[in-house]
Structure formats: structure tokens, C-alpha cells
Amino acid sequence: MRPRPLSPHLSIYRWQIGNSLSILHRLTGIALAWGLIALCYWLASLAGGERSYAAAAKLFHSPVGVLFLIGWTFAFWYHFLNGVRHLFWDLGYGFERTQRHASGWFAVVGSIAVTFGVWCWIWAGHPS
Amino acid sequence: MSLRSPLGRVLGLGSAKDGTAHWWAQRVSAVALIPLTLWFVLSLLMLPALDYATVRTWLSYPMSGFLAVLLVGVLGYHSLLGTAEVIEDYVHGAGMKLLCSLLLKFLYVLVCGAGIFAVLRVALGPEGS
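Cut-offs and rules
- Residues numbered from 1 in each chain as written.
- Chains lettered and ligands numbered in written order.
- Predicted model: local features only at pLDDT ≥ 70, side-chain atom pairs only at ≥ 80, totals over all residues.
- Helix = DSSP H or I, 4+ residues; strand = E, 2+ residues; numbered from the N terminus.
- Rg over C-alpha atoms; globule rule 2.2 N^0.38 Å.
- Buried ≥ 20, exposed ≤ 12 C-beta atoms within 10 Å, placed from the backbone.
- Contact = placed C-beta atoms within 7 Å.
- Nonpolar A, V, L, I, M, F, W, Y, C, P; charged D, E, K, R; others polar.
- Core = buried A, V, L, I, M, F, W, Y, C linked by C-beta atoms within 7 Å.
- Axes fitted to C-alpha atoms, helices over the stretch in contact; angles between N-to-C directions.
- Parallel < 35°, antiparallel > 145°, perpendicular 65-115°, else oblique.
- pLDDT = per-residue confidence, 0-100.
- Left-handed = near helix turned anticlockwise from the far one by under 90°.
- Expected span 1.5 Å × (residues − 1).

**A short note on the overall build of chain A**
The secondary structure content of chain A amounts to 4 helices and 0 strands. Reading the helices (α) and strands (β) of chain A from amino to carboxyl end gives α-α-α-α. Taking 2.2 N^0.38 as the reference for a compact globule, 128 residues should give roughly 14 Å; the C-alpha atoms of chain A span a radius of gyration of 19 Å, well beyond that estimate. Principal-axis analysis of the C-alpha atoms gives chain A an extent of 55 × 45 × 25 Å. Among the 128 residues that make up chain A, the fraction classed as buried is 23%. Of the contacts formed within chain A by residues at least 6 apart in sequence, a portion of 71% connects residues at least 24 apart.

**Topic: the overall build of chain B**
A tally of helices and strands in chain B yields 5 helices and 0 strands. With respect to the three principal axes, the spread of C-alpha positions in chain B is 75 × 30 × 30 Å. Per-residue burial for chain B yields a buried fraction of 16% across its 129 residues. Contacts in chain B between residues far apart in sequence, at least 24 positions, make up 70% of those at least 6 positions apart.

**Concerning the interface of chain A and chain B**
The interface of chain A with chain B comprises 25 residues on the first partner and 29 residues on the second. Secondary-structure elements contributing two or more residues to the side of chain A that touches chain B are helix 1 (17-48), helix 2 (50-61), helix 3 (63-90) and helix 4 (97-123) of chain A. Sort the elements by how many residues they give to the side of chain A that touches chain B and helix 1 of chain A lands first, with 13 residues. Tallied by class, the residues present in the side of chain A that touches chain B amount to 17 nonpolar, 5 polar and 3 charged.

**Focus on the nonpolar core**
One recurring pattern in soluble globular proteins is that nonpolar side chains are buried together. Ranked by size, the top nonpolar core spans 30 residues in total, and within it Leu36, Cys40, Leu43 and Leu46 of chain A together with Val72, Ala118 and Val119 of chain B carry the most contacts. Where this core is concerned, the elements lending two or more residues are helix 1, helix 2 and helix 3 of chain A together with helix 2 (21-46), helix 3 (52-60), helix 4 (62-90) and helix 5 (94-124) of chain B. Among the elements that line this core, the one with the most residues is helix 1 of chain A, at 9 residues. Other than its neighbours up to four places away in sequence, Ala118 of chain B contacts Leu43, Ala44, Leu46 and Ala47 of chain A.

**Some details on the environment of Leu81 of chain A**
Tracing the backbone through its elements, the reader meets Leu81 of chain A in helix 3. Not counting residues within four places of it along the chain, the set of residues in contact with Leu81 of chain A comprises Ala107, Gly110 and Ser111 of chain A.

**Observations concerning the packing of helix 3 of chain B against helix 4 of chain B**
Residues and elements named next belong to chain B. Contact geometry for helix 3 and helix 4: axes closest at 5 Å, N-to-C directions at 85°. Comparing their axes, helix 4 and helix 3 come out roughly perpendicular. Judged by residue contacts, Trp58, Leu59 and Ser60 of helix 3 engage Ser64, Gly65 and Ala68 from helix 4. Looking at the contact of helix 3 with helix 4 residue by residue, the class counts come to 3 nonpolar, 3 polar and no charged.

**A look at the confidence of the model for chain A**
Low-confidence regions, as indicated by low pLDDT, have predicted coordinates that should not be scrutinised in detail. Of all residues in chain A, 98% attain a pLDDT of 70 or more, and the chain-wide mean is 94. For chain A, per-element mean pLDDT is lowest for helix 1 of chain A, which scores 96, and highest for helix 3 of chain A, which scores 98.

**Some remarks on the environment of Val66 of chain A**
Within the secondary structure, Val66 of chain A sits in helix 3. Considered as a pair, Val66 of chain A and Ala33 of chain A are 33 residues apart in the sequence and their alpha carbons are 17 Å apart.

**Focus: the confidence of the model for chain B**
Confidence in the prediction for chain B averages 92 pLDDT; 97% of positions are at 70 or higher. In the predicted assembly, ipTM is 0.91 and pTM is 0.90.

**Considerations on the environment of Ser11 of chain A**
Note on placement: Ser11 of chain A falls in the segment before helix 1. Taking the C-alpha atoms as reference points, Ser11 of chain A and Arg51 of chain A, 40 residues apart in sequence, are found 48 Å from one another.

**Details of the packing of helix 2 of chain B against helix 4 of chain B**
Residue and element names in this part refer to chain B. One can describe the packing of helix 2 onto helix 4 by two numbers: an axis separation of 9 Å at closest approach and a directional angle of 145°. Here the hand of the crossing between helix 2 and helix 4 comes out left-handed. Seen from helix 2, the contacting residues are His22, Ala25, Gln26, Ser29, Ala30, Ala32, Leu33, Leu36, Trp39 and Phe40; seen from helix 4, they are Leu67, Leu70, Leu71, Val74, Leu75, Tyr77, His78 and Leu81. Across the contact of helix 2 with helix 4, the residue classes tally to 14 nonpolar, 4 polar and no charged.

**Looking at helix 4 of chain A**
Residues and elements named next belong to chain A. In this model, helix 4 (27 residues) spans 39 Å end to end at C-alpha, consistent with the 39 Å of a helix rising 1.5 Å per residue. In this structure, the buried residues of helix 4 make contact with helix 1 and helix 3. Backbone geometry just downstream of helix 4 places Gly125 in the positive-phi region, at approximately 105°.

This is the structure:
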């Protein structure tokens, strides 16, 4: 059988907002897959009792742990907002050049803003 | 006995109609995850504290446990659809691709199974088990 045709690879594209955000969508998706493991570990530690929960909490409270949590917060909100953008496209809306750019920037700026907001909320002591 | 070749038999019949199954599954699970993830994130942020007793009490409410089980299940499904696509795109060689895809599926069932079991233990099991 002849080799199947492949879609153009990453290296062939000129970097611009459209393909950058698409690549970022996949990268944040991969990051969130690791986050899912962390989520299940956290749930298991909760089921395991007070000591295992304390061990997990210590891990998540460490500087590296907090850095990962901030990263996952951004990855989640970006993947969420850009995912909604994709769903609008699937419905047939927002394909114009100006709309695509506006919604793309909305996903980027929005996810950074919400991540900032969430961590201000956490560092302000809710939940302590 | 038909004398038609295998190719002749399928020509003109159209596709098997499941070419868009992956695409659809990804979108439907994405839509389901909008309320589920928002519920989870907002619930955690609204808790007075994230210590053992508070989180455990919260997760033992029937509605919290139920939604958390749905969350881990749908999240795992959506995530598997996405990462399987990444493997299809970037892992080369048929054997290696198959091996990675299988390992990925086992990993997801293992991790999400553990997550769901953990929620059930908190929701249904005795305190501090």
C-alpha cells in the first residue's frame, strides 16, 4: 500500500496567532493530562486518611508544587476558553479574520487574567 | 457465489459512517466538561479551607461525590481522546504506535479508576478509612 498522505508538519508553518494558539491548545491539553494524574493522586490521598492527605498537601504546598498548580490553572483556563472558541467554530460562527484574532486574544488574555484572579483569591486566604 | 472482487463490492457504498466518531466524542465530552469543571473549580475555591476535614466533609455530600465521579470519568475520556491523537501524530512506526496507544489506555483506566474509587470510598466508606 502507498504511504498515506500526512497533514503538513509543525515546522512548515510560519508562526502567527492562528497556529500558535492551536499548538498551545494541544500543549495545555498534554499538561492537563498530567494534571489529571495529580488530581487522582490527591483524591486517593484524601480517601487514604489524614496522614496520606497531609503528605499530598505538603507536596502541593512546596515551591515546585505551587509552580505546577499555577501552571495547571493557566493550562486549564486557556484550554477551557480556547475550547469554547473551537466549539463556536464547530457551530459555524467566528471564522472571519477579525473575529478569529479577537477570540484568540480573548482566550490568551482571559486565561492569564483568570489565573491571576484565582491565585489572588487563594493568596488572600480563601480557602486558607 | 459472487464473482465481484472485494474492491468492487465496497465501491460506491460510501464510508462506514464512523469517520467522525472521534471528533464527535471529543466535542460532546468537551461540552459536558464545561459545567463539570466549573463546578469543581468553583466548589474548591468557595470552601473555607482545604484541610482534610473540610474537603472530606464536602466530598461526602451525595451531590459532590456524584459530580466528582462524573468529572473524573468524563475528564479521563476527553483526555484520552486528546492524548491518543498526539500519539497517532508523533509516534512513528506501526508497532511502536500500537504499543504506546495500548499503554496509554491502560494508564488512563488505572489512574481514573483509582480516582473514581477514591471518591466512592470517601462518599460511601466509613470516616477516616
